[in-house]
Each structure stands twice: as structure tokens, then as C-alpha cells.
Amino acid sequence: MIIFRYLNTQVLQIVCVVTGILLAVALTGRFIQYLGEAVAGDKAPDILLLIMLYRVPEFLLVILPLALFLAIILAYGRMYAENEMVILVGSGISQKRLLLHTSGAIMLILFMVAVISLYLAPYGKQKMEALVQAQSQLTEIDLIVAGQFQSYSEGGRTTYAEQIADAPEGGRELNNVFVALAAEGQQNVAPPRILLAESARPEIDPESGARFMRLDNVLQYDGTPGEGDFAIGEFDSQTILLPTPEALDQVLEESTLSTAMLIGSDELSHQAELQWRLSTLLLIPVISLIAVPMSRVNPRQGRYSKLLPAALLYMAYFVSLEFCRDLVADAKLPPAIGLWWIHMIFIGVGMIAMCGNPVRMHNSGKAV
């Protein structure tokens, strides 16, 4: 029991450290991407943290198995390098018993991945998809950021607002607004137009449902930059027709469906997704079977000598599963074969590694 607690504590401590580092890197990179989209006016800034929260289970689904794989290699590699494993070998601990003693950490990570894969990840993807679709229904008035020039309609309109406040009737109101409208048509038959308005707010036609930007106290300039022929006009109010929102896609992706909805489905995409979720669970014991013998190092090699081969091996395993999932979904691979043959290959690799090179005690030729 002492050895069991010691080994599992060593592995779980490294799992926590590796998971924290990889999750921080993944979240930071993704947040920077979303922040750029918010600055460009593609996403509302107030939902960025919510989107990141919904994506955490998806990231953990990739990170946790890798963290366990590296943790076993790092923890046991250190014990090999510092000759601690020699004591365990002398006590009768074989590779199989070492794997059995690691079962506490393996089962804990397996349980966490099962909850994430079968429930949390689909739920998070479904919520994130709902947020993304809701964003497509927003106007530029809802997405604009104060103090920044933002381009819309594929560069046909550029909008700037000095301040943003809450409108008396609800919603947002832009103050000190600048709008630049590009020349219309391929022959530029209408010159560019610049509008300066005291305020702007959204309006929706109750009959047609068309969306407009209503500008109040408008100063309008029509003319081509570089030329002296300008037309200047003042208006109490003016409206700009905004693009029609995209129709919501009511067909949910299979990754957003609950596991119960996937079970028994005849659709290939659903079968591929179900096999993928089950494969993330099977991934845990298989990589543990490989990691225990792979952690063996000579004292002169150092504990980090197996990190690069381990990362490449895990990448090959994970990418192969994703590739086969796409083949099953595209009807290029029978579901009966599916992702299972990939697991069989790596189980064979683990069995060969486990039985091929038994641990040997120093100063003794007896294999354990």
C-alpha cells in the first residue's frame, strides 16, 4: 500500500503540473484569437470568457491523456535515473506489477475523461455553438467597440464610435459616430460618402423585419478624396440598411449531440462520433500500457530522454484516431472496423514493450 500511494502520488503530481501548463497555453492562444475577432467586430467582447469556459472540456479531452502519458514517463524515468527503481525491482516489482500499482492514477484520469467525453464536452460544444449562432444575429451596433474603426460588409462600410451608452428604450446607443461608405458598383457610379452623426441606434422594420442603423443630427459629405467637388448636407436623421442576418442552422453537429442520442443511431457520422468518444476512454489504459515500459532509462540517459519520442508516439496515436473517425463519417471505412484497429495496433506495441525488455537489477543477471 505504501508503494501504491507513493507511485500514484508521484504520477498525479506531474499530471496536475503538465495539465495546468498545457491548458494555460491552449487557453491563452485561443483567447488571443477570439480577442482579435472581438476587436474586428466579429464577436461581442462580453461573451469571450463564456466561450473559453465552454471550450475547457474540449481542451482537457486532449490534454489529460497526454499529461498522464508524460507523467508516467517522467515519474518513473526519474526513479530509473536515480536508481530508486532498482530497490523496487529487488523487492519483486515487475513491469506488470508496476502497471498495477499505477492503476489508482489511471482509474482517476479514466473517470475524469469519461465524464468529459460522454457529457461535458458535448454540452460545452452545444452551448458554444448556440453562442456563435446568436452572434450572427447581432448588428454592428451590438458588436462595435468604442474608439476603434471597424470594417463591415466586406469593406463596404467602416464605422467608428467615440462612446457607447445604453439607449433610453433599451439596447446600445453610439455617440459621436463616423461612418464611411465605399463607392457603389464596379464603375464607382456613386462617390464615397462620409457621415458624421451625433448618435446612432438600431431600428427594425416591424413589417419586413429589415434592420437599420438610425443616425441622428447627421452631417453628410459626398465626394471623391483628392478632388474639390464635394456635396455637403445636413439631416435630422438618416438610416443605413444593415445586412440581413444569416439563417440559423437548425441541424446540430454530431459533436454537440448527447451520447444517449448517438447510441443506436444508423447515421455514419453518429457512429463515428460515438466510436470517437469511446476511443478517448480506451486511450487511457493503452497509453499507460505503453508508458510503463517506455519510462525505462539508464542512469546516464536522464529522466527527459523519452519525452520527445513519447510526444511523437501520442501524436501518431491521437491523429490516427481522428483520421479514422473522419473516414467512418465519410463512409470510406466500415464502422465494424472503425477506430478499433488503431487501438489493437497500439495495444500490440504496449504488449511487445512490456514483455520484450524485462527490467534487470544492477549487479545481477536475474530478470524480474
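Residues numbered from 1 in each chain as written. Predicted model: local features only at pLDDT ≥ 70, side-chain atom pairs only at ≥ 80, totals over all residues. Heavy atoms only, no water.

Trainee: Looking at this structure, how should I read the nonpolar core?
Mentor: By size, the foremost hydrophobic cluster in this structure holds 61 residues, and its most contacted members are Val 11, Phe 69, Tyr 76, Met 85, Leu 98 and Tyr 317. When contributions to this core are tallied by element, the ones reaching two or more residues are helix H1 (2-39), helix H2 (48-81), helix H3 (84-90), helix H5 (103-135), helix H8 (268-294), helix H9 (307-329) and helix H10 (340-356). Sort the elements by how many residues they give to this core and H2 lands first, with 18 residues. If near-sequence neighbours (up to four positions away) are discounted, Tyr 76 is found in contact with Leu 7, Val 11, Met 85, Leu 98, Thr 102, Val 292 and Ser 295. Ile 141, Ala 161, Val 177 and Val 218 belong to the second-largest nonpolar core, a separate cluster that totals 17 residues. (Core = buried A, V, L, I, M, F, W, Y, C linked by side-chain atoms within 4.5 Å. Buried < 20%, exposed > 50% of the residue type's maximum accessible area, 1.4 Å probe, protein only. Helix = DSSP H or I, 4+ residues; strand = E, 2+ residues; numbered from the N terminus. Contact = heavy atoms within 4.5 Å.)

Trainee: Would you mind going over the sheet that holds strand E1 (residues 150-152) with me for this structure?
Mentor: Sheet strands pair via backbone hydrogen bonds, and the direction of the pair is either parallel or antiparallel. On the basis of which strands lie adjacent, the open sheet formed by 6 strands has the order E1-E2-E3-E4-E5-E6 and antiparallel pairing. Only two strands of the sheet have a single neighbouring strand rather than two, namely E1 and strand E6 (231-241). Strand after strand, the sheet turns through a mean of 30 degrees between neighbouring axes, direction not considered. The pairing of strand E4 (residues 193-204) with strand E5 (residues 211-222) spans 11 bridges and is classified as antiparallel. By the bridge assignment, Ile 194 is partnered in E5 with Tyr 221. (Pairing = 2+ DSSP bridges. Axes fitted to C-alpha atoms, helices over the stretch in contact; angles between N-to-C directions.)

Trainee: I would appreciate a short explanation of the environment of Val 11 in the present structure.
Mentor: Looking at the element boundaries, Val 11 is found in helix H1. Overall, the relative accessible area of 0% leaves Val 11 in the buried class. With 95 residues separating them along the chain, Val 11 and Ile 106 place their C-alpha atoms 9.3 Å apart. Apart from residues no more than four positions distant in its own chain, Val 11 is found in contact with Leu 68, Ala 71, Ile 72, Ala 75, Tyr 76, Thr 102 and Ala 105.

Trainee: Can you help me understand H9 in this one?
Mentor: The α-helix advances 3.6 residues per turn, and as a result positions three or four apart in sequence lie on the same side. In this model H9 runs 33 Å from its N-terminal to its C-terminal C-alpha over 23 residues, within 8% of the 33 Å that 1.5 Å per residue would give. The complete set of buried residues in H9 reads Ala 310, Tyr 314, Tyr 317, Phe 318, Leu 321, Cys 324 and Val 328. Ala 331, located one to two residues past H9, shows a positive phi value of around 60 degrees. (Expected span 1.5 Å × (residues − 1).)

Trainee: Before we go on, may I ask you to explain the confidence of the model for the chain in this structure?
Mentor: For any part of a model where pLDDT is low, the fine detail of the predicted coordinates should not be relied upon. On average, residues of the chain score 82 in pLDDT, and 86% of them are at 70 or above. Of all helices and strands in the chain, the one with the weakest mean pLDDT is helix H6 (residues 140-143) (70), whereas H8 scores best (92). (pLDDT = per-residue confidence, 0-100.)

Trainee: Would you mind going over H8 with me for this structure?
Mentor: In a regular helix each residue adds 1.5 Å, so 27 residues correspond to 39 Å; H8 covers 36 Å between its end C-alpha atoms and thus fits that length. Maximal helix bending in H8 amounts to about 30 degrees, located at Leu 282; proline Pro 285 follows within four positions. Counting buried positions along H8 yields 22 of 27 residues, so the element is predominantly enclosed. (Bend = angle between axes of the 7 residues up to and from the residue.)

Trainee: What is the right way to read the packing of aromatic side chains from this model?
Mentor: By the definition in use, this model includes 5 aromatic pairs. Three or more aromatic residues joined by ring pairs form one cluster here, namely Phe 69, Trp 276, Tyr 314 and Phe 318. For Arg 325, the ring lying beneath its charged end belongs to Trp 276, and the centroid distance is 4.5 Å. (Phe/Tyr/Trp six-rings, centres within 6.5 Å; stacked < 30°, edge-to-face > 60°. Lys NZ or Arg CZ within 6 Å of the ring centre and 35° of its normal.)

Trainee: What is the right way to read the pairing of E4 from this model?
Mentor: Where strand E3 (residues 172-181) meets E4, 7 bridges bridge the pair, whose relative direction is antiparallel. Within the sheet, the bridge partner assigned to Asn 175 lies in E4 and is Ser 199.

Trainee: How should a nonpolar patch on the surface be read in this particular structure?
Mentor: A surface patch of nonpolar side chains, amounting to about 650 Å² of accessible area, comprises Leu 108, Phe 111, Met 112, Val 115, Tyr 119, Leu 120 and Tyr 123. Topologically, Phe 111 is positioned in helix H5. (Patch = residues over 30% accessible without salt bridge, like charges linked within 9 Å, V, L, I, M, F, W, Y side chains within 5 Å. Areas by Shrake-Rupley, 256 points an atom, 1.4 Å probe, with all protein chains shown as cover. Salt bridge = Lys/Arg side-chain N within 4 Å of Asp/Glu carboxyl O.)

Trainee: What should I look at first to understand the packing of H2 against H9 in this one?
Mentor: Any two packed helices are characterised by the angle at which their axes cross and by the distance between the axes. Orientation of H2 relative to H9, taken along the N-to-C sense of each, is 150 degrees, at an axis distance of 10 Å. On the basis of their axis angle, the class for H2 and H9 is roughly antiparallel. Relative to H9, the crossing made by H2 is right-handed. Counting all contacts with H2, which are made through Val 62, Pro 65, Leu 66, Phe 69, Leu 70, Ile 73 and Leu 74, the residues of H9 involved are Leu 307, Ala 310, Leu 313, Tyr 314 and Phe 318. Split by residue class, the contact of H2 with H9 holds 12 nonpolar, no polar and no charged. (Parallel < 35°, antiparallel > 145°, perpendicular 65-115°, else oblique. Left-handed = near helix turned anticlockwise from the far one by under 90°. Nonpolar A, V, L, I, M, F, W, Y, C, P; charged D, E, K, R; others polar.)

Trainee: Any chance you could explain the pattern of salt bridges here in plain terms?
Mentor: Pairs may arise between side chains of opposite charge once their charged atoms sit close together. Summed over the entire model, instances satisfying the criterion amount to 7 salt bridges. Its salt-bridge partner being Asp 216, residue Arg 214 comes within 3.3 Å of it at the nearest N-O pair. Judged by relative accessible area, which is 13%, Asp 216 ranks as buried. Across the pair Glu 273 and Arg 277 runs a salt bridge whose closest N-O atoms are separated by 3.0 Å. One end of the pair, Glu 273, and the other, Arg 277, are both in helix H8, 4 residues apart, so they sit about a helical turn from each other.

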